[in-house]
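Coordinate inspection notes
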Amino acid sequence: MNVEYKRKFTAVVTALALVGIGVVLLGRDRVNAAGSGSITGTVKLTGTPPHMRGIDMSKDPYCVKQHENNPAKMENVVVSSDGGLQNVVLYISEGLSAGEVSAVPSEEPTVDQHNCMYSPHVVAMDVSQKFKVTTSDQTTHNIHPLPAPGSGNIGWNKSQPPGAPPIETNWKAPEAISVKCNIHPWMHGWQVVVKGPYAVTDEKGNFTIKNIPPGSYTVTAWQEEYGTQTAKVTVAAGQPGKADFTFKAK
Amino acid sequence: MRTEALHRNAVILAALVAASVTACAQVTEDQQKQWLGTPAASSHIGHLSGNAKAAAGDYRRYCVVCHGELGDGNGESAQWLDPKPRDFTLAVFKCRSTPTGTLPTDQDLYETIARGLDRSNMPPWNTFTTQQRADLVAWIKHYSPRWQTEKPGTPIEIPPEPEVTPGRVKAGRDVFARVQCWKCHGAEGRGNGPSASTLQDDLGRPILPYNFAEGGRFKCGSTDADLYRIFMTGLDGTPMPSFADNIKPEEAWDLVMYLRSLQPFPSKEKAIAKSLGLTPVSTTSTGP
């Protein structure tokens, strides 16, 4: 009797414990899945890429000197030998839950003023995500973002002389913000603000948007000259979604 | 040279695109009517309180011809003017005591109305009573949605002006060289630096840097403190950036003293610069 009772008790406790562990494990699995999915792909340009003009930096001898051996070119359209399009911003325009959209990444994207150019030419960030503007040049720059009126972002204009500390700030609303330096009029770049996870294509046109839970999404690709394109993508557990884009040269 | 001209065209095109975006984002008359009845359409300058509705007549009589019915700077005369009248729907102002990217204080707007803007078509409106000016400040604030959601920035602190000494004037020259004011204003402050010829305002219109050797009044006042404020807050809407992150308050006064020595009038600063034999800063450095 007593032994029987003990055995039953042990069985029940064990079962409960197993269920408990199972719930914890499953739960953890779900959390992992939420962060582990991704969307990868390649952005290509077809047709003859536009000629990127050389830049006359003679206004500032320092800038000229930095480009003695690597002449500077415009960076509006940067294409690899096999057609990969660089500096395209990819983000999820539909399908994310409100919580996933409002989560702000903790890492800080950086744009550096290097050899009188913006490096990178296009920097992407989440709404409210902190980012940095640094300078490694021995010439004074001014950083002058020009958000559109009514966009929800407010422009500013700050100097960065040689050795200046980084500017650390964020933007409040999604927008592709044009940035310029008035001192060096050829310097033009983009700070692209999006809601939720994003990626920017590398020099081969490849990208990976990380931290996407399984589900169906619309991915938008933005390029400064060619505008936007969208694609439907499904992300399954343990299997990244795939989205390739092709822009046509004008 | 050709590249530069082409690039300038590209920039002008970009500016036109930006301008058309502006037109799309324009606020409507109905919205402005609604904002006229909000607490934001008021002003407080010292003991004065301004009421927007009380300024309707004055605005129509004195301001509308340049600044326009909707306050967008597109009045009948605007096409003949350069620089262009301010577009109040953007609420971006040159003369502020507040940091770059923030709204000015009521006091800032009040002083701009009273002072006018030199080298532009905005005269000093010192024929108005102080109450009329306060009411007009309130009126200006009913044109832009920014006044509905934002507060003016916190005015920058300006420490008391120290005594002019040779050491300070010389130190000011070092600041002028280090932050490279000469890139636009020129080594002698003549407004002819290497970047001067391509400067544009935020709407893509050509704009000139201040010429110290000409000695005219600054856009935002004529005192030493006004000069201090100009380079620490920047002139929003123009290429003139804020130097607040890169010039310490002590150094800022040094720079004010050196800048004074570049102006043509007799001054203690100018006499010191002469006796020290200060030469224009070098503009040839190409870095390490």
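Residues numbered from 1 in each chain as written. Chains lettered and ligands numbered in written order. Predicted model: local features only at pLDDT ≥ 70, side-chain atom pairs only at ≥ 80, totals over all residues. Heavy atoms only, no water.

**Thoughts on the overall build of chain B**
The secondary structure content of chain B amounts to 11 helices and 2 strands. Secondary structure of chain B in N-to-C order comes out as α-α-β-β-α-α-α-α-α-α-α-α-α. Relative to its 288 residues, chain B shows a buried fraction of 50%. Sequence-distant contacts in chain B: of pairs separated by 6 or more residues, those separated by 24 or more amount to 63%. Carbon and sulfur atoms provide 57% of the accessible area of chain B, an area that totals close to 13900 Å². (Helix = DSSP H or I, 4+ residues; strand = E, 2+ residues; numbered from the N terminus. Buried < 20%, exposed > 50% of the residue type's maximum accessible area, 1.4 Å probe, protein only. Contact = heavy atoms within 4.5 Å. Areas by Shrake-Rupley, 256 points an atom, 1.4 Å probe, with all protein chains shown as cover.)

**A word on the overall build of chain A**
Helix and strand counts for chain A stand at 3 helices and 17 strands. Put simply, chain A has 250 residues, and 46% of those count as buried. Restricting the contact set of chain A to residue pairs at least 6 apart, pairs at least 24 apart contribute 65%. Taken as a whole, chain A presents about 12300 Å² of accessible surface, with 55% of it coming from carbon and sulfur.

**Some thoughts on the confidence of the model for chain A**
The pLDDT averaged across chain A works out to 90; a share of 86% of its residues lies at or above 70. Predicted confidence is poor over residues 22–33 of chain A, with pLDDT under 50, and the contacts of this stretch with residues over four places away or in other chains come to 3 contacts. (pLDDT = per-residue confidence, 0-100.)

**Digging into the nonpolar core**
One finds Ile39(A), Leu90(A), Phe207(A), Ile209(A) and Phe245(A) to be the most contacted residues of the largest nonpolar core, which totals 53 residues. When neighbours within four sequence positions are excluded, Phe207(A) is seen to be in contact with Ile39(A), Thr40(A), Gly41(A), Thr42(A), Val43(A), Leu90(A), Ala199(A), Val200(A), Thr201(A), Ala243(A) and Phe245(A). Of all hydrophobic cores here, the second largest spans 34 residues; its members include Cys95(B), Val169(B), Val179(B) and Leu235(B). (Core = buried A, V, L, I, M, F, W, Y, C linked by side-chain atoms within 4.5 Å.)

**Here we look at the state of the cysteines**
Using the criterion set out here, one finds 2 disulfides over all chains in the structure. Across the disulfide from Cys63(A) sits Cys116(A); the S-S distance is 2.0 Å. Residues Cys63(A) and Cys116(A) are joined by a disulfide whose S-S torsion is about -75°; by sign, that bridge is left-handed. You can see Cys63(A) sitting in helix 2 (residues 61–66) and its partner Cys116(A) sitting in the loop between strand 3 (110–114) and strand 4 (117–119), a full 53 residues away along the chain. Here the two residues Cys63(A) and Cys116(A) agree in accessibility, since each one is buried. Between Cys181(A), a free cysteine, and Cys116(A), which holds the nearest cysteine sulfur, the sulfur-to-sulfur gap is 8.2 Å. Counting only cysteine sulfurs, Cys66(B) is the nearest neighbor of Cys63(B), a cysteine outside any disulfide, at a range of 8.8 Å. (Disulfide = S-S within 2.5 Å.)

**What to know about the interface of chain B and chain A**
With 38 residues of chain B at the contact, the number on the chain A side is 37 residues. A combined buried area of about 3000 Å² lies between chain B and chain A, and 54% of that area is made up of carbon and sulfur atoms. Where chain B packs against chain A, one counts 2 salt bridges. One salt bridge in this structure joins Asp60(A) and Lys183(B), with 3.1 Å as the shortest N-O distance. The interface formed by chain B and chain A contains 18 residue pairs in polar contact (both at pLDDT 80 or more). Mapped onto the side of chain B that touches chain A, the elements with two or more residues apiece are helix 1 (2–24) and helix 8 (182–185) of chain B. Of the residues forming the side of chain B that touches chain A, the biggest block, 6 residues, is contributed by helix 1 of chain B. Of the residues assigned to the side of chain B that touches chain A, the class counts are 14 nonpolar, 16 polar and 8 charged. (Buried area = accessible area lost by both parts, 1.4 Å probe. Salt bridge = Lys/Arg side-chain N within 4 Å of Asp/Glu carboxyl O. Polar contact = N/O pair within 3.5 Å; in protein donor to acceptor, adjacent residues only side chain to side chain. Nonpolar A, V, L, I, M, F, W, Y, C, P; charged D, E, K, R; others polar.)

**Considering the side chain of Gln160(A)**
Residue and element names in this part refer to chain A. With respect to the helices and strands, the residue Gln-160 is situated in strand 8 (residues 158–160). Among the residues examined, Gln-160 registers a relative accessible area of 0% and is labelled buried. From its side chain, Gln-160 meets the backbone oxygen of Pro-165 in a polar contact 3.1 Å long.

**As for helix 5 (residues 130–140) of chain B**
For helix 5 of chain B, the buried fraction is high: 8 of the 11 residues fall into the buried class. Residues of helix 5 of chain B that are buried in the fold lie against helix 2 (29–36), strand 1 (42–45), strand 2 (48–51), helix 3 (56–67), helix 4 (106–115) and helix 6 (146–149) of chain B.

**Notes on the packing of helix 7 (residues 166–178) of chain B against helix 11 (residues 268–276) of chain B**
Residue and element names in this part refer to chain B. The interhelical angle for the contact between helix 7 and helix 11, taken along N-to-C directions, is 80°, at an axis separation of 9 Å. Taken together, the axis directions place helix 7 and helix 11 in an arrangement best described as roughly perpendicular. Across the interface between the two elements, Pro-166, Val-169 and Lys-170 of helix 7 pack against Glu-269, Ile-272, Ala-273 and Leu-276 of helix 11. By residue class, the composition of the contact of helix 7 with helix 11 is 5 nonpolar, no polar and 2 charged. (Axes fitted to C-alpha atoms, helices over the stretch in contact; angles between N-to-C directions. Parallel < 35°, antiparallel > 145°, perpendicular 65-115°, else oblique.)

**A short note on the pairing of strand 17 (residues 245–248) of chain A**
Working note: regular strand, side chains alternate between the two faces of the sheet. Residue and element names in this part refer to chain A. Burial of the side chains of strand 17 is restricted to one face: Phe-245 and Phe-247 are buried, whereas none of Thr-246 and Lys-248 on the reverse face is. With 4 bridges joining them, strand 1 (residues 39–46) and strand 17 adopt parallel strand pairing. Its bridge partner being in strand 17, Val-43 is matched across the sheet by Phe-245. (Pairing = 2+ DSSP bridges.)

**What about the pattern of salt bridges?**
All names here are of chain B. On inspection of all chains with the given rule, the structure shows 17 salt bridges over all chains. A salt bridge links Arg-96 to Asp-236; the nearest nitrogen and oxygen atoms lie 3.4 Å apart. Within this pair, whereas Arg-96 is found in the loop between helix 3 and helix 4, its partner Asp-236 is found in the loop between helix 9 (224–233) and helix 10 (249–262), the two being separated by 140 residues in sequence. The buried category is assigned to Arg-96, whose relative accessible area is 2%. Look at Asp-236 and you get buried, because its relative accessible area is 8%. A salt bridge links Arg-168 to Asp-254; the shortest N-O distance between them is 2.5 Å. With Arg-168 in helix 7 and Asp-254 in helix 10, this pair connects stretches of sequence that are 86 residues apart. Its relative accessible area of 17% is what places Arg-168 among the buried residues.

**A word on the packing of helix 7 of chain B against helix 10 of chain B**
Residues and elements named next belong to chain B. Relative orientation of the contacting elements helix 7 and helix 10 amounts to 95°, with a least axis distance of 7 Å. Here helix 7 lies roughly perpendicular to helix 10, going by the angle between them. Contacts from Arg-168, Val-169, Ala-171, Gly-172, Arg-173, Val-175, Phe-176 and Arg-178 of helix 7 reach helix 10 at Glu-250, Glu-251, Trp-253, Asp-254, Leu-255, Met-257, Tyr-258, Leu-259 and Leu-262.

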